[in-house]
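# Coordinate inspection notes
Letter by letter, the chains look like this.
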Amino acid sequence: MAGKDTTKKLTQTQEALKNEIIGKINRHFGKVLEEATPQMVYAACALTVRDKIMEKWAKSHREVKKEGSKKLYYLSFEFLMGRLLCTNVLNLMQTADYEEVLEDLGYSLSDIAELENDAGLGNGGLGRLAACFIDSLTTLDLPAYGCTIRYEYGLFRQKIVDGFQTELPDTWLEHGNAWEVARPEEAVKVSFGGDVNTYWENGKMKVSYSNERTVLAVPYDVPLCGYDSKIINKLRLWGAQSASDFNMHAFNSGDYSRAIEEKELASVISKVLYPEDNHTEGKELRLKQQYFLVSATLQWILKEFESRNGADWSKLPDKIVIHINDTHPTMAIPEMMRILMDEKGLDWDDAWNIVTHVFAYTNHTVMSEALEKWPQDMFRRVVPRLYMILEEMNRRLMERVEAFYPGDKGKHDYMAILSNNQVSMANTCLASVFAVNGVSKLHTDILKQDIFRDYYMMDKDRFHAITNGITFRRWIANCNPALTKLIDDTIGKGWLKDADKLQKLAKFANDATFQKKYDAIKRANKEMVADYILEHNKVKINPDSIFDIQCKRLHEYKRQMMNVLHIIVEYNRILTDAEYAKNYYPKTYIFGAKAAPGYKRAKTIIKLINSVGDMINNDARINDKIKVIFIENYGVSIAEKLVTAADVSEQISTAGKEASGTGNMKFMLNGAVTIGTMDGANVEMYEQVGEDNIYIFGLRADEVDARLRIMGNDEVKNIYATNAYLRGALEQLINGSIVKSNTNIFMDLYNTLLFGDYGYADTYMVLRDFEDYMRTQEQISKDYQDRKTWIAKQIMNTAMAGFFSSDRTIKEYNDKIWRLTPIK
Ligand code: 26W
């Protein structure tokens, strides 16, 4: 227990809160305060918060019901929520109360909050975006439900062993989940496989099933409060359970093996989140997960609608909108057709007319290996009835396509739902939704001009550009309280809900007193991260060095490789060039990244970062001028620390490949200066801060495109021949100087850059962009030393980050697509 400050007196509210917490410890754990473990204190706090949310929930529910408002269902395979205690306390406007009370009890809120396991139900950008969106929706009083799977294991825990990534299960539910409320009474059945039998009754086609495998989908609801807002929304997590446990029918009828199969299916379906990001593997279990989430959610949505509005299905588009977060929940579309036709008795045209006014779809990536396509035979086996529906959808789609592009066989194939023995999920969406959007301006342009061009030409009005955003409540108020307070004190409160107000900071960019305070906060955050690194990496880093951070999933297109090669170059130059060494300003390079477990090359890059770190960090000759740190198990909670401590934010993807990026926005908001390509939302960051406050380098998207259209190997050879620095670093990959005596370990990395996988060298333009990157890095090192100018740049980044609030993003979605009315 920390030392108790006996001089402070609690307010009445705080006394009451203190009693609530002690009461929870007594009643929930049967312990007195003195016996309670910190984990129990955490749980007790969480339970008191939950009580407060629940009270609001009951009221909010009544209001939403009374107003009969239109609702949004945001379907996503990922919700990367992170921890909820501080978010909830902040959103209830009770941070100070909890801080004081916990201090009075001998604890600290921030330490207690660290005991909560991250809800890591997502891979990266797409999942974290969903979490930011639900916070903004609620803050803006818009009625919405997030819907996802209650994975027993979230994204794997990364452990670095001898420099290599290893994967351990993420047992996030080990101490239970204080935020969820199980709703077994709302469980629904989801059936897979079997045979579809059609027959006619009174002139209507009827469908029945035999031999199907059924599991039970049980909802767990997590109520969510917005920041200083009235309503409560919820995140609904569906967990799978054995239906045979509830319904002994199969056992009793003697179908023992089927009952066992169902039990097995139930035990695996919601077991684990697939760790592939931007890459599909076509695994049958993943397809089953997709149908599980989608079918359970659709049954629930339609039942709710019917209980309120009766069977007037034509009203559905006025009352609900369903958002499909990338193509993973696409089966919701044929599933709604199925329910409306097979169970509610609508004919095709009426059902189709409804469905095509209910769904909207966001695309989050243009990487071709991420575009979901399923083998037709697998799809038919898992969801035979949906397959039949897709056949009919495809037949009608092809009529429309033929009318627009007569005789164009190539387009027909490219645009079809079913072609080349595959089911295209993107085309299923494009054939059905009333709105499609990209996640930044550039990304949307690429959708319109390139991958979705043929659909765009048929109906331009349904395409929208909506740039991503982040919730400022988590990404500054919670993670950087000192900076938040400084901003409050300088421009007044209000900017957390009205982010444009942040611009008022711009006029303090060159104010000496403000600069001093702003810089002191950055410096304190850097010390906090230095402590973390000392504890976890056992490496001492210098808080006065430039903190240059690249944290995100590991992928070739994100070009961590370029970053490492450049570090090797700097290291070599310090060793060989005394003048360079003398002028070199100390730098700490920090990486954090998980690689998909099956993505070998990405895992090799992690090994390379760690090995380069070992080589440099332990080399006395360079006098601690460079440190290279790999942060293990990067995730939401670690990101919350890192974004506050960065001087330089690395956003260096190959132009045209990063749909938006959102980490870039988190760093910007907390005052890091970006080094980046003209990619994704970087383009808009550049527009916001202006060229003096961001470092842009490298090929533009159209230039990358032009190079990808031809075999550019001569260009690569030429770079190799003329850039001695780069050549030196590349050779070190294969001459055993990084991992002593092993010349093979990084051979693949060397080969892919210089010779390519299919004879096509340097697909991600690492070598082509290298020289410009190097020059820009050198400029940054120089500019950083002009402290006044540099701090002004940092302040300008915070000041101009308002546009990237997810509140703005959500307002745009609402104006352009959802059309919900805020609850009064
Ligand atoms: C099926 C395998 C799979 C899994 C995840 C394919 C694709 C994905 C996601 C769409 C990948 C993803 O997270 N994309 C990121 O989405 C963010 C939010 O819009 C963007 O900011 C990132 O640029 C984009 O890479």
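Structural data are supplied above this passage.
Attention in this report is confined to the structure presented alongside it.

What counts, and where the lines are drawn
Residues numbered from 1 in each chain as written. Predicted model: local features only at pLDDT ≥ 70, side-chain atom pairs only at ≥ 80, totals over all residues. Heavy atoms only, no water. Helix = DSSP H or I, 4+ residues; strand = E, 2+ residues; numbered from the N terminus. Rg over C-alpha atoms; globule rule 2.2 N^0.38 Å. Buried < 20%, exposed > 50% of the residue type's maximum accessible area, 1.4 Å probe, protein only. Contact = heavy atoms within 4.5 Å. Areas by Shrake-Rupley, 256 points an atom, 1.4 Å probe, with all protein chains shown as cover. Pairing = 2+ DSSP bridges. Near = heavy atom within 4 Å. Polar contact = N/O pair within 3.5 Å; in protein donor to acceptor, adjacent residues only side chain to side chain. Nonpolar A, V, L, I, M, F, W, Y, C, P; charged D, E, K, R; others polar. Core = buried A, V, L, I, M, F, W, Y, C linked by side-chain atoms within 4.5 Å. 1 Å grid on protein atoms, 1.4 Å probe; cavity = no way out; pocket = protein on both sides within 12 Å on 5 of 7 lines; lining within 4 Å. Points joined across faces, edges and corners; volume = space filled by probe spheres on them.

## Focus on the overall build of the protein chain
Each helix and strand in the protein chain was counted, giving 34 helices and 25 strands. Its C-alpha radius of gyration of 28 Å places the protein chain within 12% of the 28 Å reference for a compact globule of 824 residues. Its C-alpha atoms give the protein chain principal-axis dimensions of roughly 90 × 75 × 50 Å. Every one of the 824 residues in the protein chain was classed for burial, and the buried ones make up 61%. Contacts spanning at least 24 positions in sequence make up 77% of the contacts within the protein chain whose residues lie at least 6 apart. As displayed, the protein chain has an accessible area near 32400 Å², and 49% of this comes from carbon and sulfur atoms.

## Focus on the pairing of strand β14 (residues 359-362)
Burial along β14 is two-sided: Phe359 and Tyr361 and Ala360 and Thr362, pointing in opposite directions, are all buried. As judged from the four bridges shared by strand β13 (residues 320-325) and β14, these two strands associate in the parallel manner. Across the sheet, Ile322 pairs through a bridge with Phe359, a residue of β14. Across three bridges, the pairing between β14 and strand β18 (residues 435-438) is parallel. Within β18, the residue paired with Tyr361 across the bridge is Val436.

## Some details on the site of the ligand
Taken together, 22 residues surround the ligand, and among them His364, Asn468, Glu658, Ser660 and Gly661 come closest. At 3.3 Å from an oxygen atom of the ligand is found a main-chain nitrogen or oxygen belonging to Ala659. Between Gly661 and the ligand, the recorded distance is 2.8 Å, taken from a backbone N or O atom to an oxygen atom. When the free accessible area of the ligand is taken as 570 Å², the share hidden by the protein chains comes to 97%. Among the elements that line the shell around the ligand, the one with the most residues is helix α6 (residues 125-139), at three residues. Tallied by class, residues from the shell around the ligand come to six nonpolar, 11 polar and five charged.

## Some thoughts on the nonpolar core
Core analysis: the largest hydrophobic core is formed by 152 residues, its most contacted members being Leu85, Phe292, Ile322, Met336, Phe359, Phe379 and Trp818. The biggest single contributor to this core is helix α9 (residues 284-309), with 11 residues.

## Notes on the layout of surface pockets
What the second largest pocket holds in volume is close to 1200 Å³. If you go around the second largest pocket, you meet 39 residues; those closest to its centre are Glu99, Ala477, Asn478, Cys479 and Pro481. Counting residues per element, the lining of the second largest pocket draws most heavily on helix α20 (residues 481-491), which supplies six residues. Grouping the constituent residues of the lining of the second largest pocket by class yields 15 nonpolar, 12 polar and 12 charged.

## Notes on the side chain of Lys18
Its location among the elements puts Lys18 in helix α1 (residues 12-29). If we skip the residues at most four places from it in the chain, Lys18 touches Leu10, Val101, Asp104 and Leu105.

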